[in-house]
Amino acid sequence: MQDIDRAVGERIRKIRKRKGITQDQLAELAGLNRTHLYRLESGKQSMTLRTLKVIAEALDVRIGQIVKGL
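In this report, the structure presented in the accompanying data block is examined. Position numbers for residues count from 1 along each chain, tracking the sequence in the order it is written. Residue-level local features of this predicted model are given only where pLDDT is at least 70; pairs of side-chain atoms are given and counted only at 80 or more, and the full residue set underlies all totals for whole chains, interfaces and linings. Working from all heavy atoms in the structure, the side-chain values ignore hydrogens and water.

## What about the pattern of salt bridges?
Stage number 1. Whenever Lys or Arg places a side-chain nitrogen within 4 Å of a carboxyl oxygen from Asp or Glu, that contact is recorded as a salt bridge. Going through the model one piece at a time under the given rule, you end up with six salt bridges.
Stage number 2. Across the pair E41 and R13 runs a salt bridge, and its minimum N-O distance is 3.6 Å. Of the two residues, E41 is situated in helix α3 (residues 34–41) and R13 in helix α1 (residues 2–18); the sequence distance between them amounts to 28 residues.
Stage number 3. Where R34 meets D24, a salt bridge forms, and the shortest distance between an N and an O atom there is 3.2 Å. Of this pair, R34 sits in helix α3 while D24 is found in helix α2 (residues 23–30), placing the two residues 10 residues apart along the sequence.
Stage number 4. Judged by its relative accessible area of 36%, R34 is partly exposed. Secondary structure follows DSSP: runs of H or I at least 4 residues long count as helices, runs of E at least 2 residues long count as strands, and numbering of each begins at the N terminus. Think of it in three bands: residues with accessible area under 20% of the maximum for their type are buried, residues over 50% are exposed, and the middle band is partly exposed, with areas taken using a 1.4 Å probe on protein chains only.

Here's what the structure looks like:
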């Protein structure tokens, strides 16, 4: 499962950076604590489907764009 957590976190980080959004900005948009978002992006913590949905909405992407091919 850790491989999946890392892969999802890395995709979130790539999408966030491509859109020019900082971790602080994404955390605020998603209603998350910045430290929590850091742990998710680094794969140190698993996320719930609800959290994945909130992050996808904040990034204005579909969940499928984050998890496709995993």
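## Points about the packing of α2 against helix α4 (residues 49–59)
Packed helix pairs are specified by the crossing angle of their axes together with the interaxial distance, meaning the distance between the axes.
Stage number 1. To obtain each axis, a line is fitted to C-alpha atoms, and for helices this fit is confined to the stretch in contact; angles are then taken between N-to-C directions over 0 to 180 degrees. Following both chains from N to C, one finds α2 and α4 inclined at 115 degrees, their axes separated by 9 Å at the closest point. As judged from the angle between their axes, α2 and α4 are roughly perpendicular. For the crossing formed where α2 meets α4, the hand is right-handed. Of α4, the residues touching α2 (which contributes L26, L29 and A30) are V54, I55, A58 and L59.
Stage number 2. Side-chain classes are defined by residue name, with Ala, Val, Leu, Ile, Met, Phe, Trp, Tyr, Cys and Pro counting as nonpolar, Asp, Glu, Lys and Arg as charged, and the others, Gly among them, as polar. Residues belonging to the contact of α2 with α4 are distributed by class as follows: seven nonpolar, no polar and no charged. Throughout, the term roughly parallel applies to angles under 35 degrees, roughly antiparallel to angles over 145, roughly perpendicular to angles from 65 to 115, and oblique to all others. In a left-handed crossing the near helix is turned counterclockwise from the far helix by less than a right angle, and in a right-handed crossing that turn is clockwise. Every residue pair with non-hydrogen atoms within 4.5 Å of one another is taken to be in contact.

These figures capture arrangement, not role.
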